[in-house]
Amino acid sequence: TPTSPVPATAGALELGARTLVLTTTTDLVELQDSTQTHDGDIVQARDLVWQYQHHATDPRLDGVLQIVINYDMRPDGSADMWGTETLTTDDGTWEGPWTGTMARNGGVHFALQHLIGSGSYEGLIWKSQTYFEAGPEYTEPALPLSVSTGWIEPVD
């Protein structure tokens with residue numbers, strides 16, 4: 001008869017060389033509006049630049065996050081998104097690409113990031129996934145705008 005696996009107890013997760021991290025962002029500032037063109041009924045937005053304060057459970061990811069955003073939005077408000085991110089901290093920088101999607105009506109965004117460390121973070125990579133919900137929180141700068149989960153690990 002098949003046996004069911006024994007669930008791992010809290011704190012028993014094997015992480016190897018990875019450090020799990022939870023992050024949030026606050027204080028959104030738009031540094032540059034996008035340029036927009038149309039391809040049929042698709043709105044193509046390019047080079048929108050946002051900046052946030054970035055807060056993390058690991059101090060290596062506390063700093064200022066600047067995001068370059070590009071997207072192709074369909075008439076229902078859903079979109080494919082991509083761009084680059086630069087997180088600047090006291091001891092170094094994390095840089096790299098991200099890709100994501102925007103749900104119908106543009107309110108909910110999901111993204112995957114893959115950022116390489118430099119400075120004190122040379123030889124490390126930060127991989128994460130982000131959930132961002134646009135709405136009335138834009139008027140409340142102290143509220144978290146996004147939540148990310150991921151890990152820091154050595155580059156292969």
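Peer 1: Summarise the side chain of Thr-23; cite the residues concerned and give the values.
Peer 2: Of note, Thr-23 is situated in strand β1 (residues 19-32). Residue classification places Thr-23 among the buried residues on the basis of a relative accessible area of 3%. Engagement of the side chain of Thr-23 in a polar contact is seen with the side chain of His-54, the distance being 3.5 Å. Beyond its immediate chain neighbours, meaning those up to four positions away, Thr-23 contacts His-54, His-55, Ala-56, Leu-61, Trp-126, Ser-146, Val-147 and Ser-148.

Peer 1: Describe in detail the side chain of Ser-128, supporting the description with residues and values.
Peer 2: Looking at where Ser-128 falls in the secondary structure, it is placed in strand β8 (residues 124-133). On the basis of relative accessible area, Ser-128 is assigned to the buried category, the value being 7%. When sequence neighbours within four positions are dropped, the list of residues in contact with Ser-128 reads Ala-111, Leu-112, Gln-113, Ser-148, Thr-149 and Gly-150.

Peer 1: Lay out the pattern of salt bridges in plain terms, naming residues and giving numbers.
Peer 2: Across all of its chains, the model carries 5 salt bridges by this definition. Glu-153 is the partner of Arg-18 in a salt bridge, and the nearest nitrogen-oxygen pair spans 2.8 Å. Taken together, the residues span a long stretch of sequence, with Arg-18 in the segment before β1 and Glu-153 in strand β9 (residues 146-154) at a distance of 135 residues. Exposure remark for Arg-18: the relative accessible area of 37% places this residue in the partly exposed category. For Glu-153, a relative accessible area of 11% gives the class buried. One salt bridge connects Asp-58 with Arg-60, and the closest N-O pair in it is separated by 2.8 Å.

Peer 1: If you had to explain the environment of Ile-69 to someone new, which residues and values would you point to?
Peer 2: Relative to the helices and strands, Ile-69 resides in strand β4 (residues 63-73). Taking relative accessible area as the criterion, Ile-69 reaches 8% and is therefore assigned buried. In sequence terms Ile-69 and Asp-47 are 22 residues apart; their C-alpha atoms lie 5.6 Å from each other. In this structure Ile-69 touches Arg-46, Asp-47, Leu-48, Trp-50, Trp-82 and Trp-98, once residues within four positions along its chain are discounted.

Peer 1: Which residues make up the nonpolar core, and what are the values?
Peer 2: Residues Tyr-52, Leu-61, Ile-69, Tyr-71, Trp-94, Trp-126 and Ile-152 are the most contacted members of the largest nonpolar core, which totals 25 residues. Top element by residues in this core is strand β3 (residues 42-56). It accounts for 5 residues. Beyond its immediate sequence surroundings of up to four residues, Tyr-52 is in contact with Thr-25, Thr-26, Asp-27, Leu-28, Gly-63, Val-64, Leu-65, Ile-67, Phe-132 and Leu-145.

Peer 1: Run through the pairing of β1, naming residues and quoting values.
Peer 2: Where β1 meets β9, 7 bridges bridge the pair, whose relative direction is antiparallel. Across the sheet, residue Thr-24 finds its bridge partner in β9, namely Val-147. Bridge count for β1 against β3 is 7 bridges, and the pairing is antiparallel. Bridging across to β3, Thr-25 finds its partner in His-54.

Criteria and cut-off values
- Residues numbered from 1 in each chain as written.
- Predicted model: local features only at pLDDT ≥ 70, side-chain atom pairs only at ≥ 80, totals over all residues.
- Heavy atoms only, no water.
- Helix = DSSP H or I, 4+ residues; strand = E, 2+ residues; numbered from the N terminus.
- Buried < 20%, exposed > 50% of the residue type's maximum accessible area, 1.4 Å probe, protein only.
- Polar contact = N/O pair within 3.5 Å; in protein donor to acceptor, adjacent residues only side chain to side chain.
- Contact = heavy atoms within 4.5 Å.
- Salt bridge = Lys/Arg side-chain N within 4 Å of Asp/Glu carboxyl O.
- Core = buried A, V, L, I, M, F, W, Y, C linked by side-chain atoms within 4.5 Å.
- Pairing = 2+ DSSP bridges.

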